[in-house]
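# A closer look at the structure
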Amino acid sequence: MQENNTVKMAIAAVVAAVALTSLLPPAQAQTAPTCAGPALPTVGQITSNGNKLQAVIKVVNGERTVPGSASPQMLRYFEGYNPADPSQKWPVTPSAAGPGPTLRAEIGDIVQITLLNQVKVEDFAGTLDAGIEGRTTGCDESRKLNADGTVAVQNFYPADDKYPNCFHASSSANLHFHGTHVTPSTTGDNVLITVRPNPKVTEEDVRESFQEVFKRCALGEEPKKWEDLPQAWRDDQRKLLKEYDETAPYIGPGRNPNGHGLPSDLQLWPKNETAIAHGLWPQYYTGSYPSCFQIPRYTEDNSGESNVRMGQSPGTHWYHSHKHGSTSLNLFNGLAGAFIITDNSPTGYDGKLQSFYGGKLEEKVLVIQQFTTVLNLMSANTGATGPPLAINGERVPAITMQPGQVQLWRMVNATVQGFVNAKFVTTGGAGIAFKQTAQDGVQLAWKSYSDPQNGKQAIELSPANRVDLLVQAPAEPGCYVLQDAVLGPILNVTVTDDPVSPAKGFPVAEGDYPTQPEFLADIDPSTVRLRREVTFGSQRAAAPPNGRSLRQFTIDGKQFEDQVINQVMLLDSAEEWTLYSTDNANTANIVGHPFHIHINPFQIFEVFDPNTMTEPLKLSPPFVWWDTFAIPQGKEVIGENGEKVVIPGYFKMRSRFVDFTGQYVQHCHILAHEDRGMMQLLEVVNNKTVLTHH
Amino acid sequence: MPKSCIISINDKPGQNFAEFSPQSQTVAPGDLINWRNNTSKAHRLVLKAKPEVTWVDEIPGKLPDQPAPTSQQGVSFSKATTPGLPVQYMCAFHPEEIGEIIAQ
């Protein structure tokens, strides 16, 4: 899609969605196009059992058919199964591109995931995993040729991108559990690790070691340091990484005659050894990695003391590969899936909604993706439009509903750069009705849900956003369309069959709506310990001879630096941040940057879009919780001396950095921007002295 | 949207040089082309009409039990003024190894 046009509109629209006070008019009556196209595929689920979510998630590759393309393409994808229940396996048809299996767990469950990276690097090229180590840049590289084969641009990519803020390592992977409130360290939501591909490593090879990790994890004994991991797996990792160091292709300075074997400063295992010697968690792994953590349930004891400051919000979350340098290409390959976390207690989000609908509330999980195999920056750009949207692997699929039926739609925007801004097309006054119940996996407070404007706004998702909607089909059978303002139809709804009897609408009494957990109450401004300002922006240098210059994406004027911590927060403290964007509509091809921070969600209480507002929009409580929000673009104006001045767009938010110390990241969720430097390393620290035995 | 394609370099039975597979590859402007070296020898790819023009720097040979090395540097074509004209390339180390790209 046209990024800059789309985002201008999307930013303004997202702002409206925050407030849920939008005065957007209801969709205009139109004649619905004829319903056509495939049925919405149901993505296979791996569900928890006995308080454990056990899954083997493999990163593999194969020829897959991308929606809208006639010829299959080589793609990396997630293949998953439940080791305790072989019937839970996805994908069933690997040749069709689409998301990985949907993971489903209950609050309080232990998550035990065996990640295997079995990508065959020889099936991909032009990337560090498969290309020659020791190149001068460390980045993926390409030349642009004239039609006669002479070189038009010697350094088409990386141009002036610099490692590590460039596209690279596209077959390496890790797992980010987006929206979870869990530890960011060791085997938790740790995106600071790199799992290199190694198809020779199987689940059988690591089963015994990982069972030991999972068993201890279930007892609350997650590994804290390398030595806590099973000896056998540590020995294997050491052996495999050393083998890689000794055999990887390399033609740089000091090369071996056969072009293989890395020089000492590029070897991975010595880097791990250094980290281990300092008591740090090593960064590099090959073939496998255990993810294990508990999804915290907020409970209070008899004295009113809670076990955690903030529990996990039940809702629609997701997981995806998050290796810096390859997140965008990996998501363009499809390495993403939904992660549904439920609370089926009588007053919980799922328990209450199901109870209201007599246990018959049908759910639809919709994972929105874009597929491509070549990033535009790596090859000659063929246009400004991005790949079309696919939902569960199909373009413009159809959901079937009975007249009057209510379904719960869980929508995940798992695209790299796609903004959704859609409305239902109505036919002759009849149409699909909806009520939003959650944003980014966090349920709306009753007051927000029951706002009369809820259901009249457009359905909007920046990259990484999720929305939960109660959707009701009209009484009249027919074909109904969810239409994006830019892309046109993205989803059809076929209303057919016998009407639901008795038809039940949406909850209209507070007692019928899930009770919002106590930890989701608004953050008290008087508890704010610190205020920060963080600025997202970009710059472009003059193009060098025989090359080109790319816009460089920064936070506070700097790009991501490995091991450099940009923000430090105190454990159990609340802070107030203002997120600015100085990029603006006059800056070529710049879009609103969707700000995302891991581990803890935030509440937005003020938004300013200089392109549409003269004054900041001060939102009314209760504030909506988000984990991703597009910062409104700035606006370029002429200053008093005739100079160009940028009025930045911004939003203000409050967040609590609670329950978990450790390092994690914040970044732009246009993932090509993140890969190219628009990311910061954060650390939450405890102010208590911790004594350890040596 | 551009696509990614890989041309294999395979040993040619009965010869001491390799061959490209496919020998002739049709691409669209913007498609990213790379080469995978399944042979034990190194190869460097240049424009046949002007061998001083390097397309792809040296690709080391494949080691036993290791993945086949692939090109460090991909190439893509600009839009052709005369689509369909084949452009020949060859290995600088083994001139018998000749392939062609047809940019549509």
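Just so we're clear, the structure is a prediction, and the values are computed from it rather than from any experiment. (Residues numbered from 1 in each chain as written. Chains lettered and ligands numbered in written order. Predicted model: local features only at pLDDT ≥ 70, side-chain atom pairs only at ≥ 80, totals over all residues. Heavy atoms only, no water.)

## A word on the sheet that holds strand β5 (residues 43-47) of chain B
Residue and element names in this part refer to chain B. Read across the sheet, five strands follow the order β3-β9-β8-β5-β6 without closing on themselves; strand pairing throughout is mixed. Looking at strand neighbours, the two that pair on one side only are β3 (24-27) and β6 (54-59), the edges of this open sheet. Strand-to-strand twist of the sheet, defined as the mean angle between neighbouring strand axes without regard to direction, takes the value 25 degrees. (Pairing = 2+ DSSP bridges. Helix = DSSP H or I, 4+ residues; strand = E, 2+ residues; numbered from the N terminus. Axes fitted to C-alpha atoms, helices over the stretch in contact; angles between N-to-C directions.)

## Some thoughts on the pattern of salt bridges
All names here are of chain A. A full pass over the atoms with the stated rule returns 22 salt bridges over all chains. One salt bridge in this structure joins Glu221 and Arg216, with 3.7 Å as the shortest N-O distance. Of the residues examined, Glu221 reaches a relative accessible area of 39% and is grouped as partly exposed. In this structure, Asp440 and Arg466 form a salt bridge, with 3.8 Å as the shortest nitrogen-oxygen distance. Of this pair, Asp440 sits in the loop between β20 (433-439) and β21 (442-443) while Arg466 sits in strand β23 (residues 466-472), and the two are 26 residues apart along the sequence. Of the residues examined, Arg466 reaches a relative accessible area of 0% and is grouped as buried. (Salt bridge = Lys/Arg side-chain N within 4 Å of Asp/Glu carboxyl O. Buried < 20%, exposed > 50% of the residue type's maximum accessible area, 1.4 Å probe, protein only.)

## As for the packing of aromatic side chains
All names here are of chain A. Inspection of every chain in the model, using the stated rule, returns 34 aromatic pairs over all chains. Judged by centre distance (6.3 Å) and plane angle (45 degrees), the ring pair of Trp226 and Trp233 falls under tilted. This pair shows no difference in class: Trp226 is buried, exactly as Trp233 is. Among the aromatic residues, those joined into a ring-pair cluster are Phe210, Phe214, Trp226, Trp233, Trp269, Tyr285 and Tyr289. The ring of Phe356 carries the charged tip of Lys504 above its face, separated from the ring centre by 4.3 Å. (Phe/Tyr/Trp six-rings, centres within 6.5 Å; stacked < 30°, edge-to-face > 60°. Lys NZ or Arg CZ within 6 Å of the ring centre and 35° of its normal.)

## Digging into the packing of helix α3 (residues 231-247) of chain A against helix α4 (residues 268-277) of chain A
Between two packed helices, both the angle of their axes relative to each other and the distance between the axes serve to describe the pair. Residues and elements named next belong to chain A. Orientation of α3 relative to α4, taken along the N-to-C sense of each, is 135 degrees, at an axis distance of 7 Å. Overall, the two elements α3 and α4 adopt an arrangement that is oblique. Each of Arg238, Leu241, Lys242, Tyr244 and Asp245 in α3 lies in contact with α4, whose residues at this interface are Leu268, Trp269, Pro270 and Asn272. Class assignment for the residues of the contact of α3 with α4 results in five nonpolar, one polar and three charged. (Parallel < 35°, antiparallel > 145°, perpendicular 65-115°, else oblique. Contact = heavy atoms within 4.5 Å. Nonpolar A, V, L, I, M, F, W, Y, C, P; charged D, E, K, R; others polar.)

## Quick look at the interface of chain A and chain B
Taken together, the contacts link 46 residues of chain A with 40 residues of chain B. Counting each side, the surface lost to burial between chain A and chain B is near 3,400 Å², with a carbon and sulfur contribution of 55%. Its salt-bridge partner being Arg36 of chain B, residue Asp123 of chain A comes within 3.2 Å of it at the nearest N-O pair. Our enumeration of links across chain A and chain B arrives at 18 residue pairs in polar contact (both at pLDDT 80 or more). (Buried area = accessible area lost by both parts, 1.4 Å probe. Polar contact = N/O pair within 3.5 Å; in protein donor to acceptor, adjacent residues only side chain to side chain.)

## Here's the deal with the nonpolar core
Residues and elements named next belong to chain A. By size, the foremost hydrophobic cluster in this structure holds 53 residues, and its most contacted members are Leu103 and Phe339. Contacts of Leu103, omitting those with residues within four sequence positions, involve Ile46, Leu53, Ala55, Ile57, Ile113, Tyr319, Ala338, Phe339 and Ile340. Membership of the second largest hydrophobic core comes to 47 residues, among which are Leu408, Phe602, Phe623 and Cys668. (Core = buried A, V, L, I, M, F, W, Y, C linked by side-chain atoms within 4.5 Å.)

## Comments concerning the state of the cysteines
Residue and element names in this part refer to chain A. What the rule picks out here adds up to two disulfides over all chains. Note that Cys139 is cross-linked by a disulfide to Cys166, the S-S spacing being 2.1 Å. On the S-S bond that ties Cys139 to Cys166, the torsion sits near -90 degrees, and the link is left-handed. Here the residue Cys139 occupies a position in the loop between β6 (110-117) and β7 (141-145), and Cys166 occupies one in the loop between β8 (151-157) and β9 (176-178), the gap between them amounting to 27 residues. Neither Cys139 nor Cys166 differs from the other in exposure class; each is buried. Paired through a disulfide, Cys217 and Cys292 show a sulfur-sulfur distance of 2.2 Å. (Disulfide = S-S within 2.5 Å.)

## A short note on the confidence of the model for chain A
Within chain A, residue pLDDT values average 90, and 91% of them lie at 70 or more. Across residues 1-33 of chain A, confidence stays below pLDDT 50; counting only partners more than four residues off in sequence or on other chains, it has 89 contacts. (pLDDT = per-residue confidence, 0-100.)

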